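# Results of the structural survey
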Amino acid sequence: MLKQIRLEALQKDPSVFGSSYESESQLPDTSWQERLQSASRAYFGIFLPDGTCIGLSAVAGKDGIAILIASYIRVEHRGKGLAARLFSARINWARINRYPKVTVSHRADNAPSQAAILRAGFVFTHTETHLWHDGLPADEYFYELIL
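Presented here is a report on the structure given in the accompanying data block. All figures in this text were calculated on a predicted structure; none of them were measured in a lab. (Residues numbered from 1 in each chain as written. Predicted model: local features only at pLDDT ≥ 70, side-chain atom pairs only at ≥ 80, totals over all residues. Heavy atoms only, no water.)

### Some points on the overall build of the protein
Scanning the protein from N- to C-terminus turns up five helices and six strands. Secondary structure elements in the protein, listed N-terminal to C-terminal, are α-α-α-β-β-β-α-β-α-β-β. A globule of 147 residues ought to have a C-alpha radius of gyration of about 15 Å, and the protein, at 15 Å, matches this closely. Here the C-alpha coordinates of the protein stretch approximately 35 × 35 × 30 Å along the principal axes. (Helix = DSSP H or I, 4+ residues; strand = E, 2+ residues; numbered from the N terminus. Rg over C-alpha atoms; globule rule 2.2 N^0.38 Å.)

### Some details on the side chain of R90
Tracing the sequence through the fold places R90 in helix α4 (residues 82-96). Look at R90: it is buried, it has no salt bridge, and the nearest opposite charge is E140 at 12 Å. Once you skip the residues sitting within four places of it in the chain, R90 turns out to touch F44, S57, A58, V59, L68, I69 and S71. (Buried < 20%, exposed > 50% of the residue type's maximum accessible area, 1.4 Å probe, protein only. Lys, Arg positive; Asp, Glu negative; His and termini not counted. Salt bridge = Lys/Arg side-chain N within 4 Å of Asp/Glu carboxyl O. Contact = heavy atoms within 4.5 Å.)

### Quick notes on helix α5 (residues 111-119)
Among the residues of α5, the N-terminal cap falls to N110, whose side-chain oxygen and the backbone nitrogen of S113 are separated by 3.1 Å. Looking one or two residues past α5, G121 carries a phi angle of roughly 95°, positive in sign. (Polar contact = N/O pair within 3.5 Å; in protein donor to acceptor, adjacent residues only side chain to side chain.)

### With respect to the pattern of salt bridges
Counted according to the given criterion, the structure contains eight salt bridges. Between E144 and K101 there is a salt bridge whose closest N-O contact spans 3.3 Å. With E144 in strand β6 (residues 137-146) and K101 in strand β4 (residues 101-107), this pair connects stretches of sequence that are 43 residues apart. Since its relative accessible area comes to 23%, K101 is described here as partly exposed. Residue R107 pairs with D109 through a salt bridge whose shortest N-O separation is 3.8 Å. By relative accessible area, which is 5% here, R107 ends up buried.

### Brief notes about the pairing of strand β2 (residues 53-62)
In terms of residue burial, β2 counts as a mostly covered element, since nine of its 10 residues are buried. Bridging between strand β1 (residues 41-47) and β2 involves seven bridges; their strand directions are antiparallel. Bridge pairing in β2 links F47 to C53. Counting the residues between successive antiparallel strands, the hairpin from β1 to β2 contains five residues, one of them, G51, with a positive phi of roughly 95°. For β2 and strand β3 (residues 65-73), the ladder comprises seven bridges, and the chain directions are antiparallel. (Pairing = 2+ DSSP bridges.)

### Concerning the side chain of R74
By the secondary structure assignment, R74 is in the loop between β3 and α4. The exposure class of R74 is buried, given its relative accessible area of 16%. There is a polar contact of 2.8 Å between the side chain of R74 and the side chain of E8. Among residues more than four places away in sequence, those in contact with R74 are I5, E8, T52, C53 and I54.

### Some points on the nonpolar core
Counting residues in hydrophobic clusters, the biggest one holds 16 residues, and the most contacted among them are L68, V102 and F122. Secondary structure elements with two or more residues in this core: β3, α4, β4, α5 and β6. A per-element tally of this core places α4 first, with four residues. Apart from residues no more than four positions distant in its own chain, L68 is found in contact with A58, V59, F87, R90, V102, T103, V104 and F122. Counting 13 residues, the second largest nonpolar core, distinct from the first, contains L2, A9, C53 and A70. (Core = buried A, V, L, I, M, F, W, Y, C linked by side-chain atoms within 4.5 Å.)

This is the structure:
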């Protein structure tokens with residue numbers, strides 16, 4: 001299920017992710033299984049009562065910091081407060097795993113992501129220019145939350 005929703009996200013919103021459909025669609029199934037089994041990473045999904053996955057997000061621990069990554073909610077389910085639930089789950093994972101700080105970033109023109117990040121209590125720290133997978137350079141906005 002992780003592979004299916006992640007590849008959907010990369011196809012539907014290719015300009016907002018730090019990876020591409022082309023690269024991740026070539027990964028062997030063992031790579032997807034390793035992602036789920038990693039102790040330094042956690043995935044969270046949003047499921048309908050029938051088991052359909054409509055959203056996905058992850059958190060990865062690196063160098064003593066928890067980094068929020070890979071957020072996607074299907075368009076027809078956006079604007080219902082689901083992003084807040086994904087933020088809460090990932091922040092709780094960081095607390096349980098004793099990370100002192102959580103970071104997150106977004107492409108400059110991703111206003112919905114920015115709004116969700118600010119609602120979750122993150123504080124803007126800086127911008128960096130990034131060459132995205134659509135081949136265009138754009139600013140990436142960074143935020144942090146001290147736990």
